[in-house]
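Coordinates in review
The residues making up each chain are set out below.
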Amino acid sequence: MEMVTLTIDGQVVRVPAGTTVLEAAQQAGIDIPTLCYLKEINKIGACRVCLVEIKGARGLQASCVYPVAEGMEVKTNTPSIREARKAVVELILSNHPMECLTCNRSTNCELQALAKKLGIKDIRFTGANTAFEPDLSSPSIERIPDKCILCRRCVAVCNQVQGVGVLGLTERGFESLVAPPFHRTLNEVNCTFCGQCINVCPVGALREKDHTQRVWEALNDPDKHVIVQTAPAVRVA
Ligand code: FES
């Protein structure tokens, strides 16, 4: 196997040719933040959070799609890199609903965690915000496109891993969204409700349907017959 030697933050790293700079850094224990990258499934360079400096390359580069080369010199943590990553995350947040207090992914959200890690306390950018209709049609999966950061991890897992292929990128520019084709709902396409898209979503754009309210209503409705299973009594000697 052809091997390549490069330096990352002054550390000599030897990896197989074809490895990306991000993966080489990970192998060396160097942390580079990511949002759209999903190991072996999604490498599309969409979010630009993984920016690094590569000697001789023009401008900062997305490390998740940049292949290593012999003698390459990479820096991952300079003030300008940190500032660029911060600006990228602020831009994403500028079109993201500020509903963290009521979002089911709060404290388990990669975007929220990254904003905290980068020390983002204010968002310098303001502008138009998308206003897509949520898709609540499916019995188990809810799609909230306004929270989507277009990382397309769900698209990759739905198409390449599960082979279902009901999610894709649709429309263009500011109107871009991840959805079933032809503006269908999840209930109108061949979604198998496997839930893998929810598993890989870094934010709260895809979530499990909460049936708590329905169960509560049913329990309080004398016309509905609900069988409540209780655990068998344990006999204490
Ligand atoms: Fe590299 Fe998103 S993780 S561009």
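Since the structure is predicted, the reported quantities are computational estimates derived from the model, not experimental observations. (Residues numbered from 1 in each chain as written. Predicted model: local features only at pLDDT ≥ 70, side-chain atom pairs only at ≥ 80, totals over all residues. Heavy atoms only, no water.)

Focus: the sheet that holds strand 4 (residues 61-62)
Taken together, the five strands give an open sheet; going across it, the order is 2-1-5-3-4, and neighbouring strands pair in mixed fashion. Looking along the sheet, the strands with just one partner apiece sit at the ends: strand 2 (11-16) and strand 4. Here two bridges tie strand 3 (residues 51-54) to strand 5 (residues 73-75), and the two strands are oriented antiparallel to one another. If you follow Glu53 over to strand 5, its bridge partner there is Lys75. Across the face of the sheet, helix 2 (residues 79-94) comes into contact with strand 3 and strand 5 while running at roughly 150° to strand 3. (Pairing = 2+ DSSP bridges. Helix = DSSP H or I, 4+ residues; strand = E, 2+ residues; numbered from the N terminus. Contact = heavy atoms within 4.5 Å. Axes fitted to C-alpha atoms, helices over the stretch in contact; angles between N-to-C directions.)

Quick notes on the pairing of strand 3
The pairing of strand 3 with strand 4 spans two bridges and is classified as antiparallel. Bridged to Leu51 within strand 4 is Ala62. Connecting the antiparallel pair strand 3 and strand 4 is a turn made up of six residues, with Gly56 showing a positive phi of about 95°.

Description of helix 4 (residues 153-161)
Residues of helix 4 that are buried include every one of Arg153, Cys154, Val155, Ala156, Val157 and Cys158, and no others. Here the buried face of helix 4 lies against helix 3 (110-117), strand 7 (168-170), strand 8 (177-179), helix 5 (196-200) and strand 9 (206-208). Gly163 lies just past helix 4 and shows a positive phi near 65°. (Buried < 20%, exposed > 50% of the residue type's maximum accessible area, 1.4 Å probe, protein only.)

Describing unusual backbone geometry
Even without being a glycine, Asp9 presents a positive backbone phi close to 50°. Note that Asp9 resides in the loop between strand 1 (3-8) and strand 2. Judged by its relative accessible area of 38%, Asp9 is partly exposed. Phi is positive for Glu171, which is not a glycine, with a value near 65°. Relative to the helices and strands, Glu171 is located in the loop between strand 7 and strand 8.

Here's the deal with the domain arrangement of the protein chain
Assigned domains within the protein chain: domain 1 (1-127) and domain 2 (130-221). Facing 19 residues of domain 1, the contacting portion of domain 2 comprises 20 residues. Looking only at domain 1, the three residues that lose the most surface to domain 2 are Ile41, Asn95 and Arg105, adding up to 30% of its buried area. Along the contact surface separating domain 1 from domain 2 lie eight residue pairs in polar contact (both at pLDDT 80 or more). (Domains from an automatic or database assignment. Buried area = accessible area lost by both parts, 1.4 Å probe. Polar contact = N/O pair within 3.5 Å; in protein donor to acceptor, adjacent residues only side chain to side chain.)

Points about the pattern of salt bridges
Enumeration over the complete set of coordinates arrives at ten salt bridges. Of the charged contacts in the structure, one is a salt bridge between Lys117 and Asp31, with a shortest N-O distance of 2.5 Å. Of the two residues, Lys117 sits in helix 3 while Asp31 sits in the loop between helix 1 (21-27) and strand 3, which places them 86 residues apart along the sequence. The salt bridge partner of Glu73 is Lys55, with a shortest N-O separation of 3.8 Å. Here the residue Glu73 occupies a position in strand 5, and Lys55 occupies one in the loop between strand 3 and strand 4, the gap between them amounting to 18 residues. Given a relative accessible area of 39%, Glu73 falls into the partly exposed group. What emerges from the salt-bridge pattern is a single network uniting Glu83, Glu90 and Arg124. (Salt bridge = Lys/Arg side-chain N within 4 Å of Asp/Glu carboxyl O.)

Quick word on the nonpolar core
Counting 37 residues, the largest nonpolar core has Leu35, Val89, Leu111, Cys154 and Leu167 as the members making the most contacts within it. The set of elements that each furnish at least two residues to this core consists of helix 2, helix 3, helix 4 and helix 5. The dominant element in this core, judged by the number of residues it contributes, is helix 2, at five residues. When residues are assigned to domains, this core turns out to be shared by domain 1 (1-127) and domain 2 (130-221), each giving three or more. Among residues more than four places away in sequence, those in contact with Val89 are Val49, Leu111, Leu114, Ala115, Leu118 and Ile120. Of all hydrophobic cores here, the second largest spans 21 residues; its members include Ile8, Ala24, Cys50 and Ala62. (Core = buried A, V, L, I, M, F, W, Y, C linked by side-chain atoms within 4.5 Å.)

Remarks on the packing of helix 2 against helix 3
Two numbers describe how helix 2 lies on helix 3: the axes approach to 10 Å, and their chain directions differ by 135°. If you check the angle between helix 2 and helix 3, you find them oblique. By crossing handedness, the relation of helix 2 to helix 3 is classed as left-handed. Taken together, the residues of helix 3 that come into contact with helix 2 (itself represented by Val89, Ile92 and Leu93) are Leu111, Leu114 and Ala115. When grouped by side-chain class, the residues that make up the contact of helix 2 with helix 3 number six nonpolar, no polar and no charged. (Parallel < 35°, antiparallel > 145°, perpendicular 65-115°, else oblique. Left-handed = near helix turned anticlockwise from the far one by under 90°. Nonpolar A, V, L, I, M, F, W, Y, C, P; charged D, E, K, R; others polar.)

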